[in-house]
Amino acid sequence: MGVMAGIFMFSTLSINNAYATEQGQQRRQARDVRQDTRQDSRHDKRECVVNDNKSNSDCRQDKRQSKQDGREEARDIKY
């Protein structure tokens, strides 16, 4: 009986550890997406301002939308 309880406890811990590892990987991927999005949106805004295609306000709005899209993508990865 004690052996069965030990096996059950071990298998439960293994499942929980596997789930925690998967969650950690998802968080890491989501964080990487957000960081890449921030970097890309900064670069895009600089290019927009330098090329003077739009007003600064329009460039800023594009940057905000880019970052929001990145956040949504990160949420999709995590959840």
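See the structure shown above.
Because the structure is predicted, anything quoted here is derived from the model rather than measured.

Undergrad: Just to check I follow, could you spell out the state of the cysteines for this structure?
TA: Disulfide: a covalent bond connecting the sulfur atoms of a pair of cysteines. This structure, assessed with the given rule, holds one disulfide. Covalently, cysteine 48 is tied to cysteine 59 through a disulfide, its sulfur atoms 2.0 Å apart. In this structure the cystine formed by cysteine 48 and cysteine 59 twists about its S-S bond by roughly -70°; its chirality is therefore left-handed. One end of the pair, cysteine 48, is in helix α1 (residues 2-51); the other, cysteine 59, is in helix α2 (residues 56-78), with eleven residues separating them in the sequence. Residue class for cysteine 48 comes out buried when judged on its relative accessible area of 12%.

Undergrad: Sorry, what's going on with a negative patch on the surface here?
TA: Together, Asp32, Asp36, Asp40, Asp44 and Glu47 line one region of the surface with negative charge. Turning to its location among the elements, glutamate 47 is positioned in helix α1. Judged by relative accessible area, glutamate 47 falls into the partly exposed class, the value being 37%.

Undergrad: Help me understand the side chain of serine 41 in this model?
TA: Residue placement: serine 41 occurs in helix α1. The buried category is assigned to serine 41, whose relative accessible area is 1%. Sequence-distant contacts of serine 41, defined by excluding residues within four places in its chain, comprise Lys63, Ser66 and Lys67.

Conventions adopted
Position numbers for residues count from 1 along each chain, tracking the sequence in the order it is written. Only residues with pLDDT of at least 70 get local features here, since the model is predicted, and only at 80 or more are side-chain atom pairs given and counted; chain-wide, interface and lining totals rely on the full set of residues. The basis for the side-chain values is all heavy atoms of the structure; hydrogens and waters are excluded. Pairs of cysteine sulfur atoms within 2.5 Å are identified as disulfides in what follows. The helix and strand labels rest on DSSP assignments: H or I over at least four residues marks a helix, E over at least two residues marks a strand, and numbering proceeds from the N terminus. Only protein chains enter the accessibility calculation, which uses a 1.4 Å probe; a residue is then buried when its area is under 20% of its type maximum, exposed when over 50%, and partly exposed in between. Nonpolar side chains (Val, Leu, Ile, Met, Phe, Trp, Tyr) are joined into patches within 5 Å and like charges within 9 Å, using only residues with over 30% relative accessible area and no salt bridge. Here the open area of atoms and residues is found with the Shrake-Rupley method and a 1.4 Å probe, where only the protein chains shown may cover a residue. The term salt bridge refers to a side-chain nitrogen of Lys or Arg lying within 4 Å of a carboxyl oxygen of Asp or Glu. Two residue types count as positive, namely Lys and Arg, and two as negative, namely Asp and Glu; His and chain ends fall outside the count. Each charge is placed at NZ for Lys, CZ for Arg, CG for Asp and CD for Glu. Residues count as neighbours in contact if any of their non-hydrogen atoms are within 4.5 Å of one another.

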